[in-house]
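Reading the structure
Each chain is listed here by its residues.
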Amino acid sequence: MSKNINVALIGNPNTGKTSVFNQLTGLKQKVGNYPGITVEKKEGVCKLPRGVKAHILDLPGTYSLNTTSLDESLVVELLLNKNDKDYPDVAVVISDVENLKRNLLLFTQIKDLKIPTILVVNMADRMDRKGISLDVEAMEKKFDTKIALVSTRKNTGIERIKELIADYKSISSRPILDPTRISPEYFDRLKKTFPQEDLYKLWLVITQDVNFMPIEKKRIQDATDFSTKSKDDLKKLQHKETVLRYQLINNILKETYKVDFMAAKGLRASLDKILTHKIFGYLIFFAILLLIFQAIFDWSGYPMDFIDEQFAMAAEWIKNTLPPGVFTDLLAEGIIAGIGGIVIFIPQIAFLFLFISLLEESGYMSRVVFLMDRLMRPFGLSGKSVVPLISGNACAIPAIMATRTIENWKERLITILVTPFTTCSARLPVYLILIALVIPEGTVLGLSYQALTLMLLYLIGFGMALLSAMVLNKILKIKSRSIFMVEMPTYRLPLLKNVVYTVIEKTKSFVLGAGKIILAISIVLWFLGSNGYSEDFQDADRIVTERIENEGLSIYSKNYIQNNVASYRESVEAEGMSPSALQDSIQVLTTELSERAVAQEIASYKLKHSYIGQAGKAFEPIVKPLGYDWKIGIAVLTSFAAREVFVGTLATIYSVGSDEEETIKNRMAAELDDSGKPLFNLASGISLMLFYAFAMQCMSTLAIVKRETNSWKWPMIQLGFMSVFAYIIALIAYQILI
Amino acid sequence: MATVADLRYGQKGIIKDFTEHILPIKLLELGCLPGNSVELLQIAPLNDPIYINLSGSHLAIRRSLAELIELEIIEETQAK
């Protein structure tokens, strides 16, 4: 009979628990969230000897069963709830051979829950170098368990774990510490009041702040003949428990565990000296940041362009192959474009998590936290928020996903909420075109005004993120008990397998998690942009064609054709084509271009009269005080899907029919307002840039915030607050500058 | 009374018996128990947090927390 064995992997952070999990399950793993909360749930399947299968659950890392965070509460909740479908048949406690004593504290607690418990001593390959020797047999006897010496790096001992799991029925489930030793008087009373219950479990229910299914906490508090102790008294007893457990562990280890300290000292000290040095520490961190930036900003540009092209080609292909109609349009412009909008982020996410997982695996990340903590404290944050905040300068989506390393929920929430203020790369095309339009050329102290403006925009974004963090820290009333304590793990060479798995898993969780929402919104936006109720919209083809017949193409279309023909002529003349052939080919080109120009004018007309166009016009009184007309209004409106569509939307409205930045820029520069002055002037340009700096215009970010905070509340607050704030600032800027 | 916050580079101390239970349990679990040794390994560039070896656990803690751990300094090192 083959029954699935439920296995829970439990262990302190930094013990290589995830490596063991990866080794046991391979890619047969599933990462999701526990229902209702944002704690990551990792499960996998492992084939055991004799055809048995194990369902392996990788529980969040915890130092003990005394909980201070959501992650830890979850571990305790599961281990106390026999009815949970994940309740383990056997617990595997992973320990690190160098920190065995501390890891064993958790082991003794798990064992006292009367779950059969296996002890894995990981990183066994380091024993020689660290001068550690272990008497495994004696330890097995004293701790009443089975031990597997494992090295995930050398890939040894994994088979032994599998055998032990398969044979779990023979593993002892006897507890190791008699809880009455903590306080005989207290536990005797407890036993009298609840004769049916297990004392240690009862003790956990009383002391831990978690929700329990099997034994109701309330029942204990309501028991009239039993007076509970004050919080302070309970804490004293918890201290006592910890001391007792350590005594027990020390006594056993004294006989079974030897460290030759002469062999110890090593790499750590010398690397720490450099990496946490007052000057070099920051320099190295800065250099690594530059590298990460370069990757997300620059290198990911190649795969992103490639993805962009592929999706554009796919859309084109569908339009050309399928019979024209609503369905084809939906497929090509709604669905394909929507999926393209999701896939395009994959390179950036993959690059960031490649670096983050390298930094974490190597142990360097803790040093960054150590270096940066003091700097972040005035803003109510800690060193752990540094990497997400800085990554936000490339793209907020992976940055927000990276906040998972922050255990303190309040701090994590604040980081999530303020990260979208940092200047992500999608703002860049908007900034660049506006700066080129409205900021004069010229230099001050050898620096160009334009470059300075761009830098200022980055600083404003980052400054705003920090400032709002400070405000949120004051406003948000979230109890957060966790204190700042960061373990500085030994430096290790990252395991390729772990790095690859992290990248795959993060990418997958973005595509599957946020992707659905992005796709849905894309389709809605497509619908609004390509449908209209008015006759103008329905008859766009006829109206525009008639107008062109009567009045000819618009001046912009004419320019567009002329410019293209001119540059074509130049290029072929250089090749020395015969005049008659040249004339013919120009004829062909002109016809082609005119057809395209007509199509563009129709598209532009349609957009003007679509639902979005109508909305843009209805919107005009609202954006007028900021210095925008209804066309910019539409571009701002569509930018709420993603900022970078600003330029593309304007291109469609102005029907310049080309994504060439130069063409669009010239067209924008030629745009006049009612009084005949350039529409894009210093005042309206700066107002627009500030609006883009502060507004929450990215549905992908909203989707990922929804996923990471597990509610629509926070993304909606973000959207509302940031957009209103952006509006006010843009308004003030325009009114002052005009 | 000397505390962990008073340690200098490379200095060691032995944690004293504490009667007040103000320390977070987390710290106890990581080895902050009476009789165990603490060594100061690094101080962050802005003087806070500090990086200690707490009987084998390598931790970074803030000064505010370090001030709660009383100890007896046992090893005078050449101040650097």
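Definitions and limits used
- Residues numbered from 1 in each chain as written.
- Chains lettered and ligands numbered in written order.
- Predicted model: local features only at pLDDT ≥ 70, side-chain atom pairs only at ≥ 80, totals over all residues.
- Heavy atoms only, no water.
- UniProt positions renumbered as here; feature names shortened; annotations may be inferred.
- Helix = DSSP H or I, 4+ residues; strand = E, 2+ residues; numbered from the N terminus.
- Contact = heavy atoms within 4.5 Å.
- Areas by Shrake-Rupley, 256 points an atom, 1.4 Å probe, with all protein chains shown as cover.
- Buried < 20%, exposed > 50% of the residue type's maximum accessible area, 1.4 Å probe, protein only.
- Disulfide = S-S within 2.5 Å.
- Domains from an automatic or database assignment.
- Phe/Tyr/Trp six-rings, centres within 6.5 Å; stacked < 30°, edge-to-face > 60°.
- Lys NZ or Arg CZ within 6 Å of the ring centre and 35° of its normal.
- Axes fitted to C-alpha atoms, helices over the stretch in contact; angles between N-to-C directions.
- Nonpolar A, V, L, I, M, F, W, Y, C, P; charged D, E, K, R; others polar.
- Pairing = 2+ DSSP bridges.
- Buried area = accessible area lost by both parts, 1.4 Å probe.
- Salt bridge = Lys/Arg side-chain N within 4 Å of Asp/Glu carboxyl O.
- Polar contact = N/O pair within 3.5 Å; in protein donor to acceptor, adjacent residues only side chain to side chain.
- Core = buried A, V, L, I, M, F, W, Y, C linked by side-chain atoms within 4.5 Å.
- Expected span 1.5 Å × (residues − 1).
- pLDDT = per-residue confidence, 0-100.

In the annotation of an unreviewed UniProt entry, the entry for chain B reads FeoA family protein, and the organism field reads Flagellimonas yonaguniensis.

The name given to chain A in an unreviewed UniProt entry is Ferrous iron transport protein B, with the source organism recorded as Flagellimonas yonaguniensis. Heading Sequence similarities (unreviewed entry) of the UniProt record for chain A holds this comment: "Belongs to the TRAFAC class TrmE-Era-EngA-EngB-Septin-like GTPase superfamily. FeoB GTPase (TC 9.A.8) family."

As for the overall build of chain A
Assigned secondary structure in chain A consists of 34 helices and twelve strands. Each of the three principal axes of chain A carries a C-alpha extent, and together these read 100 × 60 × 55 Å. By sequence separation, contacts in chain A at least 24 residues apart represent 74% of the contacts at least 6 residues apart. Accessible surface, chain A as shown: approximately 33500 Å² in total, 60% of it carbon and sulfur.

Considerations on the overall build of chain B
A count of helices and strands for chain B gives two helices and five strands. Along chain B, helices (α) and strands (β) appear in the sequence β-α-β-β-β-α-β when read from the amino end. Sequence-distant contacts in chain B: of pairs separated by 6 or more residues, those separated by 24 or more amount to 57%. A total of about 3400 Å² of accessible surface is found on chain B, and carbon and sulfur atoms cover 49% of it.

As for unusual backbone geometry
Put simply, B:Asp48 and B:Pro49 share a cis peptide bond, and its omega is -5°. One non-glycine residue, A:Asn710, lies in positive phi territory at about 60°. Note that A:Asn710 resides in the loop between helix 33 (699-709) and helix 34 (713-737). A residue is classified by how much of its surface remains accessible, and A:Asn710, at 32% relative accessible area, is partly exposed.

Notes on the state of the cysteines
All names here are of chain A. Taken as a whole and judged by the stated rule, the model has zero disulfides over all chains. Note on Cys698: no disulfide assigned, nearest cysteine sulfur contributed by Cys424 at a separation of 6.4 Å. With relative accessibility at 8%, the residue Cys698 sits in the buried group.

Regarding the domain arrangement of chain A
Parsing chain A into structural domains produces domain 1 (1-263), domain 2 (280-299 + 345-429 + 473-513) and domain 3 (517-531 + 610-737). Put simply, the middle of domain 1 of chain A and the middle of domain 3 of chain A, counted by C-alpha atoms, are 53 Å apart.

Notes on the packing of aromatic side chains
Residue and element names in this part refer to chain A. Using the criterion set out here, one finds 13 aromatic pairs over all chains in the structure. With a centroid separation of 5.4 Å and 55° between ring planes, the pair formed by Phe187 and Trp203 is classed as tilted. Remark: Trp203 occurs in helix 8 (residues 199-207) and Phe187 occurs in helix 7 (residues 184-193); sequence separation between them is 16 residues. Note on Phe694 and Phe725: the rings are 5.2 Å apart at their centroids and 75° apart in plane angle, and the pair reads as edge-to-face. Here the residue Phe694 occupies a position in helix 32 (residues 682-694), and Phe725 occupies one in helix 34, the gap between them amounting to 31 residues. By relative accessible area, which is 5% here, Phe694 ends up buried. Taking the relative accessible area as the measure of exposure, Phe725 reaches 21% and is therefore partly exposed. Here a set of aromatic residues connected by ring pairs shows up, and it is made of Phe421, Phe694, Phe721 and Phe725. Lying across the ring of Phe537, Lys606 places its NZ or CZ 5.8 Å from the centre.

A few points about the packing of helix 33 of chain A against helix 34 of chain A
Residue and element names in this part refer to chain A. Packing of helix 33 against helix 34 brings their axes to within 7 Å, and their N-to-C directions diverge by 145°. Of helix 34, the residues touching helix 33 (which contributes Leu702, Val705, Lys706 and Thr709) are Trp714, Pro715, Gln718 and Leu719. Partitioning the contact of helix 33 with helix 34 into residue classes produces five nonpolar, two polar and one charged.

As for the pairing of strand 5 (residues 90-96) of chain A
All names here are of chain A. Burial analysis of strand 5 places seven of its seven residues in the buried class, which makes it a mostly covered element. Every second residue of strand 5 is oriented toward a common face, with Val90, Val92, Ile94 and Asp96 on one face and Ala91, Val93 and Ser95 on the other, all of them buried. Direction of pairing for strand 1 (residues 5-11) relative to strand 5: parallel, over a ladder of five bridges. For Val7, the partnering residue across the bridge sits in strand 5 and is Val90. Where strand 5 and strand 6 (residues 117-122) come together, six bridges link them in parallel fashion. Residue Val93 lies in a different strand from strand 6, and its bridge partner there is Leu119.

Topic: the UniProt feature "transmembrane region" (unreviewed entry) in chain A
Residues and elements named next belong to chain A. In the UniProt entry, the feature "transmembrane region" (unreviewed entry) is given for residues 279-297, 335-359, 413-439, 451-472, 510-529, 682-705 and 717-737. Taken as a whole, residues 279-297 contains 95% helix and 0% strand, while its terminal C-alpha atoms sit 26 Å from one another. With 100% helix and 0% strand, residues 451-472 has its two end C-alpha atoms placed 32 Å apart.

Things to note about the interface of chain B and chain A
At the junction of the two partners, chain B supplies 33 residues and chain A supplies 38 residues. Buried surface at the junction of chain B and chain A, both sides included, amounts to about 3200 Å², of which 62% is carbon and sulfur. Put simply, chain B and chain A have three salt bridges between them. Measuring nitrogen to oxygen at the nearest pair gives 2.8 Å for the salt bridge that ties B:Asp48 to A:Arg377. At the boundary of chain B with chain A, the tally comes to 16 residue pairs in polar contact (both at pLDDT 80 or more). If you list the elements that add at least two residues to the side of chain B that touches chain A, you get helix 1 (25-29), strand 2 (37-43), strand 3 (50-54) and strand 4 (57-61) of chain B. A per-class count over the side of chain B that touches chain A returns 21 nonpolar, six polar and six charged. As paired strands, strand 12 (residues 485-487) of chain A and strand 4 of chain B are joined by three bridges and run antiparallel to one another. For A:Val486, the partnering residue across the bridge sits in strand 4 of chain B and is B:Ala60.

Focus on the nonpolar core
Membership of the largest hydrophobic core comes to 100 residues, with the highest contact counts inside it found for A:Phe510, A:Tyr628, A:Phe646, A:Met668, A:Phe680, A:Leu688 and A:Phe691. Inspection of this core shows a minimum of three residues originating in each of domain 2 (280-299 + 345-429 + 473-513) and domain 3 (517-531 + 610-737) of chain A. Aside from chain neighbours lying at most four places away, what touches A:Tyr628 is A:Val623, A:Val636, A:Ser684, A:Ser687, A:Leu688, A:Phe691 and A:Ala730. If you look at the next biggest cluster of nonpolar residues, it comprises 83 residues, including A:Val93, A:Tyr200, A:Leu202 and B:Ile50.

Remarks on the environment of B:Glu70
Residue and element names in this part refer to chain B. Tracing the backbone shows Glu70 in the loop between helix 2 (63-66) and strand 5 (71-75). You can call Glu70 partly exposed: its relative accessible area is 36%. Each C-alpha atom, one on Glu70 and one on Glu29, is 17 Å from the other, the two residues being 41 residues apart in sequence. In this structure Glu70 touches Met1, Ala2, Thr3, Ile14, Ile15 and Lys16, once residues within four positions along its chain are discounted.

Thoughts on helix 34 of chain A
All names here are of chain A. Taking 1.5 Å per residue, 25 residues should reach 36 Å; helix 34 reaches 36 Å between its end C-alpha atoms and fits that length. Every buried residue of helix 34 is accounted for by Trp714, Pro715, Gln718, Met722, Ser723, Ala726, Ala730, Ala733 and Tyr734. In this structure, the buried residues of helix 34 make contact with helix 19 (409-418), helix 32 and helix 33.

Digging into the confidence of the model for chain B
Keep in mind that low pLDDT regions are not for reading the predicted coordinates in detail. Mean pLDDT for chain B: 84, with 89% of residues reaching 70 or above. Between the elements of chain B, mean pLDDT differs from a low of 83, seen in strand 5 of chain B, to a high of 92, seen in strand 3 of chain B.

Looking at the pattern of salt bridges
All names here are of chain A. All told, the structure shown has 27 salt bridges over all chains when counted by the stated rule. For the salt bridge of Arg126 with Glu98, the shortest nitrogen-to-oxygen distance reads 2.7 Å. Of this pair, Arg126 sits in the loop between strand 6 and helix 4 (127-130) while Glu98 sits in the loop between strand 5 and helix 3 (100-111), and the two are 28 residues apart along the sequence. You can call Arg126 buried: its relative accessible area is 8%. Overall, the relative accessible area of 22% leaves Glu98 in the partly exposed class.

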